[in-house]
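# Notes for the structure review
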Amino acid sequence: MIFELVIILSTIFIPLIWFFGGYQLFGHDIGYHLNVISHEISLLFSWNSHINFGVDWGIQAPKSMLLMTFPESFLSIFIQNQQIVQLLVTCFWFILPAITMWIFIREIFYEDKYRFFRIYTSLFSIFNFFLLQGWQIFEKTKFSVYAAFPLMILLLYRLFIQRKQIVRNSILMGLLFFYLNGGGLLPLFGGIFIAFGTFILFIIIFDFYAKENYGKSILVLFLVGLFVFGLNAYSIIPTIGEFLNTFSNIVTNIGGNQTFLEWEHDISKNASILNLLRLEGIPDWYSNPSHPYANQFIFKRSLVMMSFLPILFIIIGAFVFGIKHEAMKSRRRLLLYIWILFIIGVIFAGGSHPPFGNLYEFALLHIPGFVIFRSSFYKFAQLVWFPVIFLSGYYLSLLIEKYGGRKILKKMFAFFCIIGIGLYHYPFFSKTLFDFRSEFSTRLQIPQYVMKMADKMKTNVTSDGRILLYPPLDIGYIGTPLDTSTWGYYSLDAVPRMITNRTIIANDLYGPLNLVDVLQQSLHDGNSASLLSYASISGITHVLWRGDVKRSEAMDRDISLIDMENRLSTMSALSKEVVEGPWSLYKINASVRPMIYLANKVEYTNKSASQSAYILKNLQNDTVLLKTDNQHMFFEIQDTQTLPELVFKEKNPTKYSIEIANASDKPFILVFNQKFDLGWRATAHQSNSDTVILQKHYEANSYANAWIVDQASVTKIELEYMPQRYFYYGLAVTGITIIGIVIYMLKTRKRIIIKMRKQK
Amino acid sequence: MKNESLVLKISRVMFGCALLAIVFAALFSVLRKNGIAEHAGVVTYVFLVMGVVCMFIDELTAKQMEHKVNSSTKKKKKNSRRQAV
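Read on for an overview of the structure. (Residues numbered from 1 in each chain as written. Chains lettered and ligands numbered in written order. Predicted model: local features only at pLDDT ≥ 70, side-chain atom pairs only at ≥ 80, totals over all residues. Heavy atoms only, no water.)

## So, the overall build of chain A
Each helix and strand in chain A was counted, giving 32 helices and 22 strands. Compactness check: chain A gives a C-alpha radius of gyration of 30 Å against a globular reference of 27 Å for 760 residues, within 12% of the reference. When burial is assessed residue by residue, chain A has 57% of its 760 residues classed as buried. Contacts in chain A between residues far apart in sequence, at least 24 positions, make up 75% of those at least 6 positions apart. Per element, the accessible surface of chain A, about 31700 Å² overall, is 61% carbon and sulfur. (Helix = DSSP H or I, 4+ residues; strand = E, 2+ residues; numbered from the N terminus. Rg over C-alpha atoms; globule rule 2.2 N^0.38 Å. Buried < 20%, exposed > 50% of the residue type's maximum accessible area, 1.4 Å probe, protein only. Contact = heavy atoms within 4.5 Å. Areas by Shrake-Rupley, 256 points an atom, 1.4 Å probe, with all protein chains shown as cover.)

Okay, structure coming up:
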């Protein structure tokens, strides 16, 4: 066992090759925040006030991410150097699939004769192109589901085939998906659902001749569901709550099911049966002309030939041995199940590719919710990879044992097969696997000035300050705003957001684009008056100039970076505070409206946010622009009254407490400068102890929230983002489940100790 | 192989055909005749499916026989207990 573990664990050093020379994995879809701890804390809340003007964080970052990012957060408490933290985390995720596969195989195929089988499958489990594609963007969520897969099969084997310790193994199933939770991203569980469902169907069919087992199976299913749901309730309940409110909007906004079909066709274009049997068909290989290694495997004859070896071993093994070779009934059942999984997996992983494409399209269009599996390859390819790895290892071990000749020859052949896995998957040992475009990569040396500016932003900008990014993010590459840099960064996530917890405003998909556009247009035009006007209303306190952006050809035609920077320098509205390399932080020379304030002067508009942003320019300092179709309800608000005084306190990003002093009977407007969202609720406490929920909630100033407070003698108002309550409910359920598990385990341990004492 | 059921023999034939098909697929892939190779891949898959179905039927039949034997053994034990009483 130690020998096997030493071989497997020796691969943990491979990520060192990637990090050597001061490199880190950063950019694209990696989503790795260098301000790890503050990012981890932000995940506890359903609202993030530091992304543009605030965003529903429950949708963007499911609560399961808390555990997913916990290793780096925990290490960051002790290790300051983020490169080392990321290296350690990378090593962990690199080796985890091999360990879980090894545990699975070792439990069932424990004899010495299966040693090669255990080592081969464990190494093949990490060295394959399905995972390699994920490493380009350090896709932890995918790795976690991938690593969970063999352990799930093992637990199903124990529960339904061996039928032992059903409570304990159900708890283990819950704990498995508690940590290896795929970041709470439901689409990634496509393979898991299919594998689980296939296993249950398989057991139902075999238990047809032993129907007394049906009762036990139902009990097991109930227990598994109970513990998986219970332990993950902290994430599932908020997700269900958010999902029910927003799913139909998401489908409509992105273009409906037809757009999903087109995307699915694009992904499955090369997922033919032959490619899947060879463990290829990865979409990036064929769609990216500057792919670092794909062309070698598509065109080089020797590599094409080698790609057929695993499936060849499987078919030869099936021809020679079948499954009858196994004397143990339970192992035969497992082998048969994995064969069936393989057959079904090819259908799902192929997606809309012929010959089963019509079935998949039908499912996408007509089965409610199935549209979340619109990129079939990424969701279901594991249903092919796992069985091929398992069966090729199994049959190859049998073939070596039977036909390998003398012991020394068997060992040599086994050795070459194991080395062959690494040699064939040689891109793992290269650094170029991260270079997805000629000028961009996800393996980067982050310039020192970036981290220095992060420190300066922390000291120079207060926690409620807002920093506008300039130049704007570039839409010239893919038609969507992207942050790009001369040092190779390329991502939908702007760099400053990944390095600081200060509020960063950018023209990205978090919106509202209209307001950010007019702000950046003011900078572009060098119009100080316009900038001051918009900045005051939107709470922008600083501008971050970044001279190291790598602009697309479309953007370059308009105005050069040098001219843009010169205009900034000459604007009277701005004072340069900090310079770090090509980055400069400018302070806006004006006071801005605070996060929460009161108003009694109103202008009205029924225009949408995108149309009304331009009206803001001429808005007086003490006036609020409300979006409404019915102006008449505001007749009672008069600008001649004196406004009450207020003091507000942020308890957390989803809760604010506002103390009101000297409130009269006259109505006024409470303005909250976070992005308008109906999830925000304002509760007013009156002097006579009455509590009232403020119903008149409107969009203000093209982006913010406003409530009409027309109750008398209001002394306190509480603002709360209601979806956060789903998290608290879920956390309570998870807490109760954990307590229940601990009590059960203590009782079981006590029972075992008593039993052992009696036996003695 | 001599004591194999008919179903298992059929599965072995199916896997043999799958083996031939995959060899053809490999050959045509190396020769860059991808169209033919893809068709050979589909044929391989079809034979694999048939082979697995045969293995499944065989295993199910074995389970059925096992159930019959267990049932008759239980009945015999019950009867012998009654006689003893």
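Read on for the rest.
## A closer look at helix α11 (residues 166-179) of chain A
Taking 1.5 Å per residue as the helical rise, α11 of chain A with its 14 residues ought to reach 20 Å, and the 20 Å between its terminal C-alpha atoms agrees with that figure. Along α11 of chain A, the residues classified as buried are N169, S170, I171, M173, G174, L176, F177 and F178 of chain A. (Expected span 1.5 Å × (residues − 1).)

## Some words on the environment of I126 of chain A
All names here are of chain A. Turning to its location among the elements, I126 is positioned in helix α8 (residues 115-126). With a relative accessible area of 0%, I126 lands in the buried category. As a C-alpha pair, I126 and Y146 span 20 residues in sequence and 9.9 Å in three-dimensional space. Setting aside chain neighbours within four positions, we find I126 in contact with T11, F94, P97, A98, L131 and F428.

## Considering the packing of aromatic side chains
Applying the stated criterion across every chain yields a total of 79 aromatic pairs over all chains. Ring geometry for W339 of chain A versus F15 of chain B: centroids 5.4 Å apart, planes at 40°, classification tilted. Taken together, the residues W339 of chain A in helix α20 (residues 329-350) and F15 of chain B in helix α1 (residues 6-30) connect one chain to another. Residue W339 of chain A is classed as buried on the basis of its relative accessible area of 0%. Here F15 of chain B falls in the buried class, since its relative accessible area comes to 0%. Aromatic pair Y470 of chain A and W545 of chain A: ring centres 5.9 Å apart, planes at 50°, arrangement tilted. Highlighted residues: Y470 of chain A in strand β5 (residues 466-470) and W545 of chain A in strand β9 (residues 542-546), separated in sequence by 75 residues. A relative accessible area of 1% places Y470 of chain A in the buried class. When its relative accessible area of 0% is taken as the criterion, W545 of chain A is described as buried. K63 of chain A extends its terminal NZ or CZ atom over the ring of F727 of chain A, reaching a point 5.4 Å from the ring centre. (Phe/Tyr/Trp six-rings, centres within 6.5 Å; stacked < 30°, edge-to-face > 60°. Lys NZ or Arg CZ within 6 Å of the ring centre and 35° of its normal.)

## Looking at the interface of chain A and chain B
In this assembly, 38 residues from chain A lie in contact with 32 residues from chain B. Both faces combined, the contact of chain A with chain B buries some 3400 Å², and carbon together with sulfur accounts for 73% of it. Three residues stand out in chain A for area buried against chain B, namely Y209, I315 and F319 of chain A, and they jointly supply 22% of the buried area on that side. Between chain A and chain B we count five salt bridges in total. Note that K329 of chain A and E66 of chain B form a salt bridge whose closest N and O atoms lie 2.9 Å from each other. Every element with two or more residues in the side of chain A that touches chain B is listed here: α12 (190-206), α15 (273-277), α18 (301-307), α19 (309-320) and α20 of chain A. The leading source of residues in the side of chain A that touches chain B is α20 of chain A, at ten residues. Looking at side-chain class alone, the side of chain A that touches chain B contains 29 nonpolar, three polar and six charged residues. (Buried area = accessible area lost by both parts, 1.4 Å probe. Salt bridge = Lys/Arg side-chain N within 4 Å of Asp/Glu carboxyl O. Nonpolar A, V, L, I, M, F, W, Y, C, P; charged D, E, K, R; others polar.)

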